[in-house]
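One-letter residues, chain by chain:
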Amino acid sequence: MRTKVAIIGAGPAGLLLGRLLDKAGVETVILERRSREYVLGRIRAGVLEQGTAELLDKAGVGERLHADGLVHDGVEFCFDGDRHRFDFHALIGKTVTVYGQTEVTRDLMQARDTSGATTIYEAEHVSLHDFDGDRPRVHYVKDGVEHELACDFIAGCDGYHGVSRASVPEAAIRTFERVYPFGWLGILVDRPPVAEELIYAHHERGFALCSMRSHTRSRYYVQVPANERVEEWTDDRFWDELRRRLDADTADNLVTGPSIEKSIAPLRSFVAEPLRFGRLFLAGDAAHIVPPTGAKGLNLAASDVCALAEALIEFYAEHSPAGIDGYSTRVLSRIWKAERFSWWMTSILHTFPDTDSFSRRIQRAEFEYLRGSEAAARSLAENYTGLPI
Ligand code: FAS
Ligand code: PHB
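This is a predicted model, so every value here is computed, not measured. (Residues numbered from 1 in each chain as written. Chains lettered and ligands numbered in written order. Predicted model: local features only at pLDDT ≥ 70, side-chain atom pairs only at ≥ 80, totals over all residues. Heavy atoms only, no water.)

A short note on the packing of aromatic side chains
On inspection of all chains with the given rule, the structure shows 20 aromatic pairs. With 5.0 Å between their ring centres and 75° between their planes, Phe77 and Phe86 make a pair best called edge-to-face. Per residue, the accessibility class of Phe77 equals that of Phe86, and both read buried. An angle of 15° between the planes, with centres 4.8 Å apart, marks the rings of Phe79 and Phe367 as stacked. Of the two residues, Phe79 is situated in strand β5 (residues 74–79) and Phe367 in helix α12 (residues 357–372); the sequence distance between them amounts to 288 residues. Taken as a pair, Phe79 and Phe367 share a single burial class, namely buried. In textbook terms, an aromatic cluster arises when at least three aromatic residues are bridged by ring pairs, as seen for Phe77, Phe86, Phe88, Trp184, Tyr200, Phe207, Tyr221 and Tyr384. Taking NZ or CZ as reference, Lys4 lies 5.5 Å from the ring centre of Tyr316, over its face. Sitting over the face of the ring of Tyr38, Arg34 holds its NZ or CZ atom 4.2 Å from the ring centroid. (Phe/Tyr/Trp six-rings, centres within 6.5 Å; stacked < 30°, edge-to-face > 60°. Buried < 20%, exposed > 50% of the residue type's maximum accessible area, 1.4 Å probe, protein only. Helix = DSSP H or I, 4+ residues; strand = E, 2+ residues; numbered from the N terminus. Lys NZ or Arg CZ within 6 Å of the ring centre and 35° of its normal.)

So, in structure tokens, the structure goes:
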């Protein structure tokens, strides 16, 4: 089999890249290790930057997003019980949309099915070959039969644990990492959200987040130690801990119920450099990881593939290598700004095991500065709603 662009991974990065390229007439094949159902079963991101929503519109998959997504003008911080709302729309005229990653993935899968483009689910033993030359190939096994996919380019959209970055010679890649000493225990519950907008809470017992997926489905998180096991957390224990970390009014208004999903996500900051290796490009979580505190992971994946699609379309339409030659430098600049913001949000909102009294006062001062300075609030607003793509 042969195609122009072989895409490894059918998460949001791979599916959105495939969609953008297909719309421009650039043929793709997506190879996905898991089943479609497994991919859709993963509960992950919940907040889309304004630029991501606009990109999904451009990809022709924004219909349900506009019908079911919740447009939010701002978020609240609750700092040791003191609440402050940041009105992004008033500050910089931008908003975010609450619309789960699962739904984004579903919309992209549906569009790809309709287009007739090839996606091979449950593709096993994917391996990348000769991407340092101009005739790269991908090998995979499907239903016990070995296959070779010849292509012009390979897009590694296979996440942090994927095969693409792992296929790059160690001497050709440099990585930067910070692993946080805690994780997020998240639950999904079919109960109305406790508030109209998201509440990011800092408390000496740990961080908490009140989010949602719709007016009837809520998503909550509490910070837990990095080695915590989800089996140790009954729903009742979760609700009790969440209440302790919120202000009294919010805690009283919490509508609890049985969790329909409960999991712990580790937190890390990670960047690989560069993001191009001959005919192989990395995008999304294959290239970088951010702690979810800044709601950047999914959005960075979208901005990566927007740039990569533009570069590949330019290559085929104008026979110009300028875009593909500039891809890594272009996206890394935005990636590092999102890494900075995600690290900063994580640093001011979480309690660190080695947090001393001086560090706690600095965290409080950050909150006081944010709520007392329009310039500081505007900076938060422009980072949270998304820097220009
Ligand atoms: P993904 O990991 O989503 O997709 C990669 C795909 O590649 C997967 O389907 C995988 O099965 C496939 N794959 C892997 N190896 C392969 C191989 N060898 N061959 C073929 N296919 C292969 N972001 C937020 O903004 N907010 C959040 O709250 C949030 N929560 C998260 C919770 C968890 C547990 C995780 C892991 C991430 C979370 N993220 C969150 C970040 C997340 O949303 C990612 O940024 C987003 O999924 C990135 O999309 P992709 O780059 O497509 O990677
Ligand atoms: C979510 O709803 O899952 C969510 C929202 C905002 C974040 C992280 C996760 O910063």
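Description of the sheet that holds strand β8 (residues 118–120)
Sheets are built from strands paired through backbone hydrogen bonds, the pairs being either parallel or antiparallel. The strand order across the open sheet formed by six strands is β8-β2-β1-β12-β19-β18, and the pairing between neighbours is mixed. On the outer flanks of this sheet lie β8 and β18 (276–277), each paired with one strand and no other. As defined by bridge partners, strand β2 (residues 28–31) adjoins β8 across three bridges and the pair is classed as parallel. Directly across from Val29, in β8, lies its bridge partner Thr118. Contacts from helix α1 (residues 12–23) reach β1 (5–8), β2 and β12 (153–156), with the element oriented near 170° to β2. (Pairing = 2+ DSSP bridges. Contact = heavy atoms within 4.5 Å. Axes fitted to C-alpha atoms, helices over the stretch in contact; angles between N-to-C directions.)

A word on the site of ligand 1
Around ligand 1 lies a shell of 29 residues, among which Glu32, Arg42, Arg44, Gln101 and Asp285 are the nearest. A distance of 2.7 Å is found between an oxygen atom of ligand 1 and a side-chain nitrogen or oxygen belonging to Glu32. A distance of 3.3 Å separates an oxygen atom of ligand 1 from a polar atom in the backbone of Gly297. For ligand 1, whose accessible area on its own is 990 Å², the fraction buried by protein is 87%. Taken together, the elements giving at least two residues each to the shell around ligand 1 come down to α1 and α10 (297–318). The class makeup of the residues in the shell around ligand 1 is 14 nonpolar, seven polar and eight charged. (Near = heavy atom within 4 Å. Polar contact = N/O pair within 3.5 Å; in protein donor to acceptor, adjacent residues only side chain to side chain. Areas by Shrake-Rupley, 256 points an atom, 1.4 Å probe, with all protein chains shown as cover. Nonpolar A, V, L, I, M, F, W, Y, C, P; charged D, E, K, R; others polar.)

Re the site of ligand 2
Lining the immediate surroundings of ligand 2 are 14 residues, of which Tyr200, Ser211, Arg213, Tyr221 and Pro292 lie closest. Backbone polar atom of Arg44 to an oxygen atom of ligand 2: 3.4 Å apart, as the coordinates give it. For the shell around ligand 2, the elements supplying multiple residues, two or more each, are β15 (208–212) and β16 (218–225). Among the residues forming the shell around ligand 2, the class breakdown is eight nonpolar, three polar and three charged.

Concerning the pattern of salt bridges
Applying the stated criterion across every chain, the model contains 30 salt bridges. Of the charged contacts in the structure, one is a salt bridge between Arg64 and Asp107, with a shortest N-O distance of 2.6 Å. Separated by 43 residues along the polypeptide, Arg64 in helix α4 (residues 63–68) and Asp107 in helix α6 (residues 101–115) bring together distant segments of the chain. Through salt bridges with shared partners, a single network forms among Arg64, Glu103, Arg106 and Asp107. (Salt bridge = Lys/Arg side-chain N within 4 Å of Asp/Glu carboxyl O.)

A word on the packing of helix α11 (residues 322–349) against α12
Direction vectors running N to C along α11 and α12 enclose 115°, while the axes themselves pass 8 Å from each other. Between α11 and α12, the interaxial angle falls into the category roughly perpendicular. Contact residues: Trp344, Ser347, Ile348 and Leu349 in α11; Gln363, Glu366 and Leu370 in α12. For the contact of α11 with α12, the residue count by class is four nonpolar, two polar and one charged. (Parallel < 35°, antiparallel > 145°, perpendicular 65-115°, else oblique.)

A look at the side chain of Arg279
Considering the arrangement of structural elements, one finds Arg279 in the loop between β18 and β19 (280–282). Of the side chains with opposite charge, Asp152 comes closest to the buried, unpaired Arg279, at an N-O distance of 5.1 Å. Here the side chain of Arg279 touches Asp152 through a polar contact of 2.9 Å, landing on its backbone oxygen. When near neighbours in sequence (up to four residues on either side) are disregarded, Arg279 contacts Phe131, Gly133, Asp134, Pro136, Asp152, Phe153 and Ile154. (Lys, Arg positive; Asp, Glu negative; His and termini not counted.)

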